[in-house]
Amino acid sequence: MSSNAYRQLEQRFARMGAIAEATGMLHWDMAAVMPEGGHDSRAEQLATLNVIGHEMLTAPEMADLLELAGDGGLDDWQRANLHEMKRIHGHATALRPDLVEALTRARAACEKTWRAARPAGDFALVLPQLQALLDLTRESAQAKAAKLGLSPYDALMDEFEPGARAVDIDPVFADYASFLPEFLGQVLERQKQQGAAVAPKGPFSIASQKALGERLMAAIGFDFNHGRLDTSLHPFCGGTPDDVRITTRYNEDQFADALMGVVHETGHAMYERGLPKEWRRQPVGQARGMALHESQSLIVEMQAARSAAFCRFLSPILNEVYPGNEAAFAPDNLARFYTMVEPGFIRVSADEVTYPAHVILRYRLEQALIGGDLKLKDLPGAWNAGMKELLGLTVTNDREGCLQDIHWFDGAFGYFPCYSLGAMNAAQFFDAALRDVPEIPAAIERGDFSPLIGWLLQHVHGRGSSLTTPEIVKAATGQPLDAGIFRRHLERRYLGQG
């Protein structure tokens, strides 16, 4: 009976996986190409599909099948799949169907208003919708906390990074927050002594930027038969492993943000494409978690695409596409340009040194919002005070402040810690990859990412969710996550130490 129960579970999760893929494509369409007038209809579609998926997952017979399946007679991948089924089922059964539907509608309504509020820098415009969404998110967090035996915030984080706990993250972030001021001062002083890098001069047409982005996507290994590049208000990677959709946004005055946004999202895309095909639409075949997902985007963008080797590859391409910028596009200058450290307001444009501070700020604020220690109306002031404390910056408008990211306005509370955990994982993966495959830098200089992507495919992508994140990190690198590797990487790159 156990094998029959397991087979039934695989069939059911395959159907639910197809529904999840459909909602993913609808979300991409809504962000990239859907006309504004289609919003209400799309919200109804998403709410209906989410409720159907939730009802399938929480059907009374699911609990019986999960119990009957056991793990006897299953191989390692099947046992891991069953474990993930039970984890997902535990999250789902904590929520009532009407709460799932209400959350979906609230997310759609809040995101729609945010798209108008962000350009206007008008937090008050979106405040009512965000308050409604936050109230529902807190209700969801409390229900999951009671079911899973976690704190409400940990229950939210567990959706994005299974096993992530504030008690483990707090000391890591506190350590970086104390490390940053002195280190940042040393880096800025070193840059001052070196003199400013030559900045390229535009304008840079959107068409040329998109063509350049697609050229780099191809070099990294992106398969355009299984994906595409589009434009959205906030860069993201979505779709499905067999149809990956990535987006960026453009500024004709400078191309660096859009280009690195494309490279970053391509890292996400390569992870999705590398997931085990034989486990499509099964929990074990999905990405392990968002800390690992962010590590795969950051290993491509930060570790590889800001390296001296990559700059030597990129230099002649940029000279070809944007002639007249020879000094700016010289490899050494390009490397300085792409590793320039300057505290700024916008997270997605932040340099590698100050980026964690952006994440720490959001982590602290969303903990306070979920815990009830910060009222939503006071969020802009708390944000601005945090930016002053962490980076010494005075925020002048909410567009550069608490409105800049889509995450909270789409209900993704508990996601932000994954970014800095991902950066630390990325440094450790890259360090191990270079030890195992020393020719990676030389290959990147030729525009050949296949040695790096091949290593990631073997050690990360192809594992899916067959192991936990700590197990994947240890198996790939030989040791548990060590934040010191990330700090040593920063010291080498930005201070020339080691």
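Everything discussed here concerns the structure shown above.
The subject of this paragraph is the packing of helix H1 (residues 2-32) against helix H3 (residues 60-69). In contact at an axis separation of 8 Å, H1 and H3 are set at 135 degrees when each is read in the N-to-C sense. By the angle between their axes, H1 is oblique relative to H3. Crossing of H1 against H3: the hand is left-handed. For the pair formed by H1 and H3, the contact residues are Ser 2, Ala 5, Tyr 6, Gln 8, Leu 9, Arg 12, Phe 13 and Met 16 on the first element and Glu 61, Met 62, Leu 65, Leu 66, Leu 68 and Ala 69 on the second. Looking at the contact of H1 with H3, its residues break down into 10 nonpolar, 2 polar and 2 charged.

We now examine the pattern of salt bridges. What the rule picks out here adds up to 29 salt bridges. As a salt-bridge pair, Arg 273 and Asp 242 come within 3.4 Å of each other at their nearest N and O atoms. With Arg 273 in helix H10 (residues 256-274) and Asp 242 in the loop between strand E2 (237-240) and strand E3 (243-248), the pair connects residues that are 31 residues apart, well separated along the chain. Residue Arg 273 is classed as buried on the basis of its relative accessible area, which comes to 18%. Residue class for Asp 242 comes out partly exposed when judged on its relative accessible area of 34%. When the shortest N-O distance is used, the salt bridge between Asp 405 and Arg 347 registers 3.0 Å. Pair noted here: Asp 405 is in the loop between helix H15 (379-391) and helix H16 (417-436) and Arg 347 is in the loop between helix H13 (331-338) and helix H14 (355-371), with a separation of 58 residues, a long-range link.

What follows covers the side chain of Thr 113. Residue position: Thr 113 is located in helix H5 (residues 97-120). Once you skip the residues sitting within four places of it in the chain, Thr 113 turns out to touch Leu 125, Val 126 and Gln 129.

Across all of its chains, the model carries 23 aromatic pairs by this definition. Summarising the aromatic geometry, the rings of Phe 416 and Tyr 419 are spaced 6.0 Å apart at their centres and angled 40 degrees between planes, so their arrangement reads as tilted. Judged by relative accessible area, which is 1%, Phe 416 ranks as buried. Residue class for Tyr 419 comes out buried when judged on its relative accessible area of 7%. An aromatic cluster of at least three residues, connected via ring pairs, comprises Phe 160, Tyr 355, Trp 383, Trp 408, Phe 413, Tyr 415, Phe 416 and Tyr 419. A cation sits over an aromatic face here: Arg 362 above Phe 416, 5.6 Å from the ring centre. If you follow Arg 487 out to its NZ or CZ, it ends over the ring of Phe 179, 4.1 Å from the centre.

Strands pair in a sheet through their backbones, by hydrogen bonds, and they do so in one of two ways: parallel or antiparallel. Judged by pairing direction, the sheet is mixed, and its 3 strands sit side by side in the order E1-E3-E2 without closing on themselves. Each of the sheet's edge strands pairs with one partner strand only, and the pair in question is strand E1 (227-231) and E2. Across the sheet, the mean angle separating the axes of adjacent strands is 20 degrees when strand polarity is ignored. Bridge count between E2 and E3: 4 bridges; the pairing is antiparallel. Within E3, the residue paired with Gly 238 across the bridge is Arg 245.

Rules used throughout
Residues numbered from 1 in each chain as written. Predicted model: local features only at pLDDT ≥ 70, side-chain atom pairs only at ≥ 80, totals over all residues. Heavy atoms only, no water. Axes fitted to C-alpha atoms, helices over the stretch in contact; angles between N-to-C directions. Helix = DSSP H or I, 4+ residues; strand = E, 2+ residues; numbered from the N terminus. Parallel < 35°, antiparallel > 145°, perpendicular 65-115°, else oblique. Left-handed = near helix turned anticlockwise from the far one by under 90°. Contact = heavy atoms within 4.5 Å. Nonpolar A, V, L, I, M, F, W, Y, C, P; charged D, E, K, R; others polar. Salt bridge = Lys/Arg side-chain N within 4 Å of Asp/Glu carboxyl O. Buried < 20%, exposed > 50% of the residue type's maximum accessible area, 1.4 Å probe, protein only. Phe/Tyr/Trp six-rings, centres within 6.5 Å; stacked < 30°, edge-to-face > 60°. Lys NZ or Arg CZ within 6 Å of the ring centre and 35° of its normal. Pairing = 2+ DSSP bridges.

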